[in-house]
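# What the coordinates show
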Amino acid sequence: MSGGLTRRQLLGAGGAAALGIGVAVGAPPLLGMLIPGGQPGLLLSSKVPLPPRYQAELPIPAVLQPVRSDATTDYYEITARAATARILPGQDTEVWGYQGTFPGPTIESRSGRRTVVTHRNALPHATAVHLHGGHTPHDSDGYPLDLISPQGGGDAMAGMSGMAGMPGMSGATFQPQRDYTYPMNQRAATLWYHDHTMGFTGPQVYRGLAGFHLVRDDEEAALGLPHGPRELPLMIADRAFAADGSFAYPALDGDEGKPGVTDAYMNGVLGDVILVNGAPWPVARVDRARYRLRMLNGSNARRYRLALDPQPPGGGGLLQIGSDGGLLERPTAHDALELAPAERFDVVVDFARYPAGTSVRLVNQLGSGSTSEVMRFDIGSGGGADDSRVPAKLSTIERLDPAKAAATRTFVFQKSQNNWTINGDEYRPGRSLASPKLGQVEIWRFITDFHHPVHMHLDPFQVVGRNGAAPGAYDAGWKDTVDVLPAQGVEVAVRFTDYAGRFLLHCHNLEHEDMAMMAEFTTE
Ligand SMILES: [Cu+2]
């Protein structure tokens, strides 16, 4: 990854001590051992019979068309509303969806062409929309107090607590609708948009407020990767169902007056039904050809270790071509991929490596029972020629040089008595933990007690090291979310650009996020 020299300078003699790894390992020694199967959370069991596997066809979210376009900009309109979905056989499930669907419609942007999305809210609760992975100015970044009024007006929020332990929603602004302006000065990548409401992101994403937003560019289009019907976005998310078929979620307050979940689920909510694009354990019928799978872990808390079963002859069936922030320099073959919440892996699978008629399951090696399976690919005999390619060189990635870092900052992600904290503090809007200068490389160190998928807004970063050693097998490329394991110290190099203002650093385990594991930094 980065040059050996810089890594030695950074992580060599005394590096681990400087990282504070000893502190992280010493302080909460047992947490990591208490987590069954590497899962950050507690299983919530459905009160309905689990739906049969491999009955539903893989749904593909519709691509949203702009309401108008001009020389520089495409304009979209989205209304979040409640709707009835048929997820379980014979039962209705209410979803809160963008345009009433879960996942929401996919937006496709062109790099360098501005995208404006007008979001409206026909739900009974306020919303805020964050474009995850977007290089976006503060005022369109979905700051959790920049709210869209619920149907019926802003008074519906009176008396609500903003976050566990935080009195009121002071500082919140309400608008009946919001225009989010995305400059899209960024490379091709798999982004996603989702709810980011103060204190209620967990329940609102769980109800369905999430969708894909793909950025395309000329560099990627010239490669000849699989496309059209052979490019499949896969939003993987676990859910539990109540006896009436509704989504079950252990909220402290079902009316969303008070944020957070009941004590038992504080580590995270895990469901026993695995949905892909909103369907339980679906089947995709594929040709003997290459497919591009844009995998997104859209779960609140669950981690996955995904593998093909059976593996193709010779293994390496999951050919990674991209990560959160777009293409890798070169494709990397994996037998399995680990995805923490909010991470994306862009993968090519060549189903021509299997005989026609083979059924290939995508399994989850971190699951057990129902959660050990995700979906299935049924390989047909037809499909004709495959003119797609995966070139040996995909892109060029500028290395951020840790040796040139202007500052090094440490963020400790830790449980407190009733909440989750960063550097010992619960989130407080307006309190900034760092003031990085635009254009400068910095090293940020994330030190954890538990599993925490750490997400940074505004700009992607590069993982420099884990626990004083090299980055992990899934850390390559530009990332915006990094899977920090219990009692780990992960270092990333980041350079913020273009937009001065307040942005967020937070845990993307949504139960942790709602229970105060969020912080602000101010670029200047
Ligand atoms: Cu966390």
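Procedures and definitions
Here the residue numbering is sequential within each chain, running from 1 through the sequence in written order. In view of the model being predicted, local features appear only for residues whose pLDDT reaches at least 70, and side-chain atom pairs are presented and counted only at 80 or more, with totals across whole chains, interfaces and linings using the full set of residues. The side-chain figures draw on all heavy atoms in the structure; neither hydrogens nor water molecules are used. Segments assigned H or I by DSSP are reported as helices when at least four residues long, segments assigned E as strands when at least two residues long, and all are numbered from the N terminus. For every residue, the accessible area (1.4 Å probe, protein chains only) is compared with the maximum for its type, and the residue is labelled buried under 20%, exposed over 50%, or partly exposed between those bounds. Note on areas: these come from Shrake-Rupley sampling with a 1.4 Å probe, and a residue is covered only by the protein chains present in the view. Shown as donors are all N, O and S atoms within 2.8 Å of a metal ion, widened to 3.2 Å for Na, K and Ca; because water is not in the atom set, sites may appear incomplete. Any two strands between which DSSP finds at least two bridges are classified as paired. Each axis is a line fitted through C-alpha atoms, and for a helix only the stretch in contact is used; angles between axes span 0 to 180 degrees, taken between their N-to-C directions. Only buried residues count toward a nonpolar core, which is a set of Ala, Val, Leu, Ile, Met, Phe, Trp, Tyr and Cys residues joined through side-chain atoms within 4.5 Å. Throughout, a contact is declared for two residues whenever any of their heavy atoms are within 4.5 Å. By convention in these notes, a salt bridge is any Lys or Arg side-chain nitrogen within 4 Å of a carboxyl oxygen on Asp or Glu. As used throughout, the charge tally considers Lys and Arg to be positive and Asp and Glu to be negative, leaving His and the chain termini uncounted. Identification of polar contacts relies on pairs of N or O atoms within 3.5 Å, with a donor-acceptor requirement for protein atoms, meaning one able to donate a hydrogen and the other able to accept it, and with residues adjacent in sequence counted only if both atoms are side-chain atoms. The pLDDT score gives, residue by residue, the confidence of the prediction method on a 0 to 100 scale. In this scheme Phe, Tyr and Trp rings, the latter by its six-membered ring, pair at centre separations within 6.5 Å, and the angle between planes marks the pair as stacked below 30 degrees, edge-to-face above 60, and tilted otherwise.

### Some words on the overall build of the chain
In terms of helices and strands, the chain carries 6 helices and 36 strands. Relative to its 524 residues, the chain shows a buried fraction of 60%. Summed over its atoms, the accessible surface of the chain is roughly 18,200 Å², and 51% of this surface lies on carbon and sulfur atoms.

### Re the coordination of the copper ion
Protein ligation of the copper ion involves His452 (ND1), Cys507 (SG) and His512 (ND1), the donor distances falling in the range 1.9 to 2.1 Å. In primary sequence terms, the donor set of the copper ion follows H-x54-C-x4-H. One end of the pair, histidine 452, is in strand 31 (residues 452-456); the other, histidine 512, is in helix 6 (residues 510-514), and 60 residues separate them in sequence. Accessibility assignment for this pair places histidine 452 and histidine 512 in one class, buried.

### Overview of the sheet that holds strand 26 (residues 373-379)
Taken together, the 5 strands give an open sheet; going across it, the order is 18-26-25-20-23, and neighbouring strands pair in mixed fashion. The two strands at the open ends of the sheet, each matched to only one other strand, are strand 18 (283-286) and strand 23 (336-339). Neighbouring strand axes in the sheet, compared pairwise and without regard to direction, differ in orientation by 20° on average. Of the strand pairs in this sheet, strand 25 (residues 359-364) and strand 26 are connected by 5 bridges, and their pairing is antiparallel. Along strand 26, the bridge assignment pairs serine 359 with aspartate 378.

### Brief notes about the nonpolar core
Judged by nonpolar contacts, the single largest core of 86 residues is most densely connected at Met295, Phe377, Trp444, Phe446 and Met456. At 6 residues, strand 13 (residues 231-241) tops the list of elements feeding residues into this core. Residues in contact with tryptophan 444, not counting those within four places in the same chain, are Arg409, Phe411, Ala434, Pro436, Met456, Val490, Glu491, Val492, Val494, Phe496, Leu505 and Phe521. Trp96, Leu131, Tyr180 and Leu209 belong to the second largest nonpolar core, which has 20 residues in total.

### Remarks on the pattern of salt bridges
Counting across every chain of the model gives 35 salt bridges. Between arginine 110 and aspartate 218 there is a salt bridge, with the nearest N and O atoms lying 2.6 Å from each other. Of this pair, arginine 110 sits in strand 5 (residues 104-110) while aspartate 218 sits in helix 5 (residues 218-221), and the two are 108 residues apart along the sequence. Here the residues in one salt-bridge network are Glu108, Arg216, Glu220, Glu231, Arg292, Arg294 and Asp346, joined through shared partners.

### Description of the side chain of aspartate 195
One can find aspartate 195 in strand 11 (residues 189-195). Put simply, aspartate 195 is tucked away with no salt bridge, and the nearest opposite charge, on arginine 207, sits 9.4 Å away. A polar atom in the side chain of aspartate 195 sits 2.8 Å from the side chain of glutamine 204. Residues within four places of aspartate 195 in sequence aside, it is in contact with Tyr98, Thr127, Ala128, Phe200, Thr201, Gln204, Val205 and Leu209.

### What to know about the confidence of the model for the chain
Within the chain, residue pLDDT values average 90, and 89% of them lie at 70 or more. Low pLDDT, under 50, characterises residues 1-36; the stretch is placed with 50 contacts to residues that sit more than four places away or in other chains.

### Topic: the sheet that holds strand 31
The strand order across the open sheet formed by 5 strands is 29-36-35-31-33, and the pairing between neighbours is mixed. Strand pairing shows two members of the sheet lacking a second neighbour, strand 29 (432-434) and strand 33 (481-484), which therefore form its edges. For this sheet the average axis-to-axis angle between neighbouring strands, irrespective of direction, equals 35°.

### Here we look at the packing of aromatic side chains
In this structure the tally under the stated criterion is 17 aromatic pairs. Here the aromatic rings of tyrosine 206 and phenylalanine 247 are separated by 5.9 Å at their centres, their planes lie at 70°, and the arrangement is edge-to-face. Here the residue tyrosine 206 occupies a position in helix 4 (residues 201-206), and phenylalanine 247 occupies one in strand 14 (residues 247-248), the gap between them amounting to 41 residues. Accessibility expressed as a relative area gives 2% for tyrosine 206, which makes it buried. For phenylalanine 247, a relative accessible area of 12% puts it in the buried group. For the ring pair phenylalanine 503 and phenylalanine 521, a centre distance of 6.2 Å and an interplane angle of 35° mean the geometry is tilted. One end of the pair, phenylalanine 503, is in strand 35 (residues 501-507); the other, phenylalanine 521, is in strand 36 (residues 518-523), and 18 residues separate them in sequence. Taking relative accessible area as the criterion, phenylalanine 521 reaches 1% and is therefore assigned buried.

### Quick word on the environment of proline 460
On the secondary structure map, proline 460 appears in the loop between strand 31 and strand 32 (461-466). Residue classification places proline 460 among the partly exposed residues on the basis of a relative accessible area of 28%. C-alpha separation for the pair proline 460 and aspartate 324, spaced 136 residues apart in sequence, amounts to 8.2 Å. If we ignore the near neighbours within four places in the chain, the residues touching proline 460 are Trp478, Lys479 and Val494.

### Regarding the environment of serine 372
Inspection of the secondary structure puts serine 372 in the loop between strand 25 and strand 26. Classification of serine 372 as partly exposed rests on a relative accessible area of 22%. For the pair serine 372 and arginine 305, spaced 67 residues apart in the sequence, the C-alpha separation amounts to 9.3 Å. If we ignore the near neighbours within four places in the chain, the residues touching serine 372 are Val363, Asn364 and Gly367. At 2.6 Å, the side chain of serine 372 forms a polar contact with the backbone oxygen of glycine 369.

### Let's talk about the pairing of strand 24 (residues 344-350)
On any regular strand, side chains alternate: one points to one face of the sheet, the next to the other face. Most of strand 24 sits inside the fold, with 6 of its 7 residues counted as buried. Bridge count between strand 19 (residues 290-297) and strand 24: 7 bridges; the pairing is antiparallel. Residue pairing across strands places leucine 293 opposite valine 347, the latter belonging to strand 24. Bridge count between strand 21 (residues 318-323) and strand 24: 3 bridges; the pairing is antiparallel. What sits directly across from leucine 319, in strand 24, is valine 348.

### A short note on unusual backbone geometry
Put simply, phenylalanine 102 and proline 103 share a cis peptide bond, and its omega is -5°. As for its position among the elements, proline 103 is in the loop between strand 4 (91-98) and strand 5. Omega for the peptide link from aspartate 309 to proline 310 comes to 5°, which places this bond in the cis form. Take proline 310: it is sitting in the loop between strand 20 (304-309) and strand 21. Here the phi dihedral of methionine 184 falls at roughly 60°; this positive angle occurs in a residue that is not glycine. Take methionine 184: it is sitting in the loop between strand 10 (177-182) and strand 11.

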